[in-house]
Amino acid sequence: MTAVLVRSAMLLALAWIAGFVWFVLSLPEPAPDDIRTEGIVVLTGGPGRIARGVDLLRAEKAERLLISGVDASVRPIELAVELNVPADVFECCIDLGKEAADTRGNGEEMAAWVKQHKYKSVRLVTSQFHIKRATAEARARIGAGVTLVPDAVPARLSARLLALEYSKFLFRRLLLLLGEA
C-alpha cells in the first residue's frame, strides 16, 4: 500500500513539474498593438497594466476601458491626474470597477461590464504570469460570442511567483471544469 502511495505521489509531482514547465515556456507576450476591440479591461495589481490599457485607449484601439479591482477609496480625478489623462477622457471612456477583490471577481466584474455595453470583442490586460488564469476566469463568465484578446504585460518573474500562479491556475481550472465558477 505504501509503495502505491509513493508511486502515486511521484507521478503527481512529475505531472505538476511537467505542467509547470509548459506554463513557464508558454508565457504569452503582449497582444499586437494593431488589434482593435470594442472594450479594454485592465486588472489591477501589477506595474504597467493600467498604463498599457490607457495607452491603447489613447491610440483608439477601443471605445472604452474598464479598470477592474480598483480600491474603493480611489477617486477618478486622482487616477486621471496620476495617469495624465484629461478629466473629460476619463469621464467619457474610463470606468472604475470597485467590486472585484480577486481574479474570480475580476471575471464577474468584466462580464457585467461587457454585457452592459453589449460588447462582442474585449482586450484583457494583465501581467504575463497572470494572463492564463485571468483569461480562464473571464471566458467562463463572458460566454460565447465575445472575442477575448489576452494582452500580457511583461513582469518581473521569480520561480516562487510562477509556481504559486501555476498552482492557482490549476486549481481554478479544475473548479471551472467541475462547474464551480
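A brief report on the enclosed structure follows. This one's a predicted model, so the numbers in the text were calculated from it and none came from an experiment.

Regarding the nonpolar core
Stage number 1. Membership of the largest hydrophobic core comes to 19 residues, with the highest contact counts inside it found for Ile-40, Leu-65, Ile-67, Leu-83, Phe-90 and Ile-94.
Stage number 2. Residue assignment for this core shows that the elements contributing at least two residues are β1 (39-43), α2 (49-58), β2 (64-68), α3 (76-83) and α4 (87-93).
Stage number 3. Ranked by the residues each element gives to this core, the list is headed by α2, at 4 residues.
Stage number 4. When neighbours within four sequence positions are excluded, Leu-65 is seen to be in contact with Ile-40, Val-42, Gly-53, Val-54, Leu-57, Cys-93, Ile-94, Asp-95 and Trp-113.
Stage number 5. The next biggest cluster of nonpolar side chains, apart from the first, holds 17 residues, and it includes Val-41, Leu-43, Trp-113 and Val-122.

Re the layout of surface pockets
Stage number 1. In this structure, the largest pocket spans a volume of roughly 220 Å³.
Stage number 2. Lining the largest pocket are 19 residues, and of these Thr-44, Gly-45, Gly-46, Arg-49 and His-130 sit closest to its centre.
Stage number 3. A breakdown of the residues in the lining of the largest pocket according to their chemical character gives 7 nonpolar, 9 polar and 3 charged.

Here we look at the state of the cysteines
Think of a disulfide as a covalent bridge from one cysteine sulfur atom to another cysteine sulfur atom.
Stage number 1. Under the defined criterion, the tally for this structure stands at 1 disulfide.
Stage number 2. Each sulfur of the disulfide joining Cys-92 and Cys-93 lies 2.1 Å from the other. As the torsion about the S-S bond is roughly -75°, the Cys-92-Cys-93 disulfide counts as left-handed.
Stage number 3. By relative accessible area, which is 41% here, Cys-92 ends up partly exposed.
Stage number 4. Overall, Cys-93 belongs to the buried group, its relative accessible area being 17%.

Conventions and cut-offs
Residues numbered from 1 in each chain as written. Predicted model: local features only at pLDDT ≥ 70, side-chain atom pairs only at ≥ 80, totals over all residues. Heavy atoms only, no water. Core = buried A, V, L, I, M, F, W, Y, C linked by side-chain atoms within 4.5 Å. Buried < 20%, exposed > 50% of the residue type's maximum accessible area, 1.4 Å probe, protein only. Helix = DSSP H or I, 4+ residues; strand = E, 2+ residues; numbered from the N terminus. Contact = heavy atoms within 4.5 Å. 1 Å grid on protein atoms, 1.4 Å probe; cavity = no way out; pocket = protein on both sides within 12 Å on 5 of 7 lines; lining within 4 Å. Points joined across faces, edges and corners; volume = space filled by probe spheres on them. Nonpolar A, V, L, I, M, F, W, Y, C, P; charged D, E, K, R; others polar. Disulfide = S-S within 2.5 Å.

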